[in-house]
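Residues per chain are reported as follows:
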Amino acid sequence: MRHRDDVPRFLRSALVTTALVVAAAAPNATAQPLDVERTEIAVVSSSPIASVAESVVSLRIPLPESVGPHPAACDRLSYLRYRDGGGPARSADADAVLVAQPGIFEGAGAFDSVARNTVAAAAQQGRHIEFWALDRRSNCLEDHLGRRAGLAADDVHLAVDYYYRGAEIDGRRFGGVVPNDQLGWLGHLGVAQTVQDQFDLLAAELPDPGLRKQKTLCGGHSLGGVLTAFFAEWDFDGAAGADQCAGYFALDSSIDASLSALNGIPDIIDLSLGGIGSTAVEAALDGGALPRVLALPAVINPETMNLLGIAGMAAYLAPDAESDLARYVPSSLNQETTYRVLLSRDAAVAATGSPSVRDFRITNAAALGAFLDANSQPLALLQAGFGFFGGGAVTGKDFPLPGDVAAVPALRGLTGMLFGPDRKAIPDQPYGPLYTWRNYDDPAATAATDRDGAPFTDATHEVTDIADLSRSLAAQPLDFTEWYFPMRLALDVFQSQAPELARHRTHPGGILANPTINLIGGAGVVVATGWRGHGETVTAPGYHHIDVLTAAARQAGGRPEIISTNLARFAVDRTSRP
């Protein structure tokens, strides 16, 4: 039984639960009953693309006993299912099913815009497709109760009180970030378990292998493209991963089982070292000498990933209200360091903390812009272009790098890969005016210029609607951000030749066995390296790494959104019946 505080009012839905998924009860079943407990909850969204139906699907597919003790919730696999509301209810009857692996630090909720846009674009061509956004199993550790309660009450303070001030919700208190010594089982969640989870989910939802081969398109964003390559080469008890897919799609990524190659580096970075390195890594994870979660002391860690969701909630509920999150969230070393990295003009300000982020008046929308917009967020992996500061004077941001370093041709490839190509900016008037946010389609968003008179941004680099972005961050039942990214998974992709991985990769032609489309952001991390994958490549000018997922359906001048339009076209062409 769900309590009211567990589900926000715009996400309340009908819950269908079955002990056995059979043809009469489950929309994805065939005539053969499957011994899988399955739930599907319809999601009511405020997205303007009302023609697309969304639901969250969860299946009980237990982890093997060899991973050790783990929470019962982690014996379930979940995904967000998007389909044309006017199309068939059963996935097996859809014209195509796109199955997407998330990138690093991403959950299924990050695919909300591209999934809706793609399904709607296919429907305009008279085809009914589905988009499944997969959620990694480790996301079972996330506690969303505070955020759900805050949404239900339209009160972001309620979420902050739960996560930071010891407040109870429905008799429960936040237990804090799960410590490393309680995550021994997470040390076993690497590439092998990740691709096995995808296979098991596909086999449960689409039991007919011939149907999977005919209708399923496999792909992902960022790291998700690499994981798709592993899936294509993997052997599942005699079944090749490539035979589960009719084609591949890469979103600012490539279908290549080498993260080194994706980053424009020759495939020489391999930690397996003939098996010695991989054995040492596994022992260190088992013994706790290595952290089981990939995290930094600040900016990227479970607490900050949750805070991004809270910032998204504030921007979603009250975008134009003055933000008090920097003052209301209790100070900590992580919070203070994160604020200084994101909102320091230069190294001197970062070192002294003066002026502080708390000395500026900004709206909730502008606070989210400081966190994630490409003209503020320093890390290319976390950047989107969704507008610019308004309401007051801005100045160049020269921390952690000089704001105009992207203009240096000799450094453009390296800095673009790590920090993106955009000039950075920051509000310039502490104790001054209320800084607002100009949305991606506001002509004034491109008006500000840097110290050399060059514009900080232009219309080409502003493609995401902050309303879509904040909704995806705040209102999805599966998170946009990922708190607990498994260290084992991060290490596995850099030891692709390790014996325990190589012995499963018995279909080396799998990557080239099916047609591929590469959908690349013109300001994303792949273009910066100058590397290209095989197959068809479509580049979206100005798109950043996250824009490939979040770009608005309506672009400047009424142009259709290029990523979803071409992905829908590829899905329709690849799965068209003769």
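Just above sits the structure.
The rules we used
- Residues numbered from 1 in each chain as written.
- Predicted model: local features only at pLDDT ≥ 70, side-chain atom pairs only at ≥ 80, totals over all residues.
- Heavy atoms only, no water.
- Helix = DSSP H or I, 4+ residues; strand = E, 2+ residues; numbered from the N terminus.
- Buried < 20%, exposed > 50% of the residue type's maximum accessible area, 1.4 Å probe, protein only.
- Contact = heavy atoms within 4.5 Å.
- 1 Å grid on protein atoms, 1.4 Å probe; cavity = no way out; pocket = protein on both sides within 12 Å on 5 of 7 lines; lining within 4 Å.
- Points joined across faces, edges and corners; volume = space filled by probe spheres on them.
- Nonpolar A, V, L, I, M, F, W, Y, C, P; charged D, E, K, R; others polar.
- Axes fitted to C-alpha atoms, helices over the stretch in contact; angles between N-to-C directions.
- Parallel < 35°, antiparallel > 145°, perpendicular 65-115°, else oblique.
- Left-handed = near helix turned anticlockwise from the far one by under 90°.
- Polar contact = N/O pair within 3.5 Å; in protein donor to acceptor, adjacent residues only side chain to side chain.
- Phe/Tyr/Trp six-rings, centres within 6.5 Å; stacked < 30°, edge-to-face > 60°.
- Lys NZ or Arg CZ within 6 Å of the ring centre and 35° of its normal.
- Salt bridge = Lys/Arg side-chain N within 4 Å of Asp/Glu carboxyl O.

Enquirer: Can you help me understand the overall build of the chain in this one?
Expert: Helix and strand counts for the chain come out as 20 helices and 17 strands. Taken over 578 residues, the chain has a buried fraction of 58%. The long-range share in the chain, meaning contacts at least 24 apart out of those at least 6 apart in sequence, stands at 76%.

Enquirer: Sorry if this is basic, but what is going on with the environment of Val-160 here?
Expert: Inspection of the secondary structure assignment puts Val-160 in helix α3 (residues 156-164). What makes Val-160 buried here is its relative accessible area of 0%. It is 9.0 Å that separates the C-alpha atoms of Val-160 and Pro-330, two residues lying 170 residues apart in sequence. Those residues in contact with Val-160, other than ones at most four positions away along the chain, are Arg-165, Ile-310, Leu-325, Tyr-328 and Val-329.

Enquirer: When you look at the layout of surface pockets in this model, what are you seeing that I'm missing?
Expert: In this approach a probe as big as a water molecule rolls over the atoms, and the regions it shows empty are the leftover space. When its volume is computed, the second largest pocket comes out at roughly 730 Å³. Taken together, 33 residues line the second largest pocket, and the ones lying closest to its centre are Ile-104, Phe-105, Ser-222, Ile-300 and Leu-381. Taken together, the elements giving at least two residues each to the lining of the second largest pocket come down to α7 (259-262), α9 (302-317) and α14 (412-419). Considering only residue class, the lining of the second largest pocket consists of 27 nonpolar, 5 polar and 1 charged.

Enquirer: Hey, could you run me through empty space enclosed by the protein in this one?
Expert: By the definition in use, this model includes 8 cavities of 30 Å³ or more. What the largest cavity holds in volume is close to 200 Å³. Around the largest cavity, the lining is made up of 17 residues, and of these Ser-323, Ala-326, Val-357, Ile-362 and Ala-367 lie nearest the centre. For the lining of the largest cavity, the secondary structure elements donating two or more residues are α9, α10 (325-328), α11 (333-342), β11 (361-362) and α13 (364-372). A per-class count over the lining of the largest cavity returns 13 nonpolar, 1 polar and 3 charged.

Enquirer: Is there a simple way to explain the packing of α9 against helix α15 (residues 466-474) in this structure?
Expert: Any two packed helices are characterised by the angle at which their axes cross and by the distance between the axes. Running from N to C, α9 and α15 cross one another at 130 degrees; their axes reach a closest spacing of 8 Å. Classed by the angle they form, the pair α9 and α15 counts as oblique. Seen from above, α9 lies across α15 with left-handed handedness. Contacts between α9 and α15 involve Leu-308, Gly-309, Gly-312, Met-313, Ala-315 and Tyr-316 from the former and Ser-470, Arg-471, Leu-473 and Ala-474 from the latter. Here the residues of the contact of α9 with α15 sort into 6 nonpolar, 3 polar and 1 charged.

Enquirer: Is there a simple way to explain the side chain of Ser-253 in this structure?
Expert: The residue Ser-253 is located in the loop between β10 (247-251) and α7 in this model. You can call Ser-253 buried: its relative accessible area is 2%. For Ser-253, the side chain forms a polar contact with the main-chain oxygen of Ser-222, separated by 2.5 Å.

Enquirer: Just to check I follow, could you spell out the packing of aromatic side chains for this structure?
Expert: Describing an aromatic ring pair means giving the distance of the ring centres and the angle of the ring planes. Scanning all chains against the criterion turns up 15 aromatic pairs. Ring centres 5.9 Å apart and planes at 45 degrees place the aromatic pair Phe-111 and Phe-131 in the tilted group. Here Phe-111, found in the loop between β5 (96-101) and α1 (112-124), pairs with Phe-131, found in strand β6 (residues 129-135); they are 20 residues apart in sequence, far enough to count as distant. In this pair, the class of Phe-111 matches that of Phe-131, namely buried. When the ring of Phe-199 is compared with that of Phe-236, the centres are 4.5 Å apart and the planes differ by 5 degrees; the resulting orientation is stacked. Placement of Phe-199 in helix α4 (residues 191-205) and of Phe-236 in strand β8 (residues 235-236) is noted, with a sequence separation of 37 residues between them. A residue is classified by how much of its surface remains accessible, and Phe-236, at 4% relative accessible area, is buried. Among the aromatic side chains, those forming a connected cluster through ring pairs are Tyr-162, Tyr-163, Phe-174, Trp-483 and Tyr-484. The ring of Tyr-328 has Arg-165 sitting right over it, with the charged end atom 4.2 Å from the ring centre.

Enquirer: How should I be thinking about the pattern of salt bridges in this particular structure?
Expert: Two side chains of opposite charge can pair, provided their charged atoms sit close to one another. Across all of its chains, the model carries 28 salt bridges by this definition. As a salt-bridge pair, Arg-358 and Glu-336 come within 3.1 Å of each other at their nearest N and O atoms. One end of the pair, Arg-358, is in the loop between α12 (347-352) and β11; the other, Glu-336, is in helix α11, and 22 residues separate them in sequence. The class for Arg-358 is partly exposed, based on a relative accessible area of 24%. Among the residues examined, Glu-336 registers a relative accessible area of 17% and is labelled buried. Each member of the salt-bridge network shares a partner with another, and the members are Arg-38, Glu-40, Arg-81, Glu-130 and Glu-205.

Just geometry here; none of it tells us what the structure is for.
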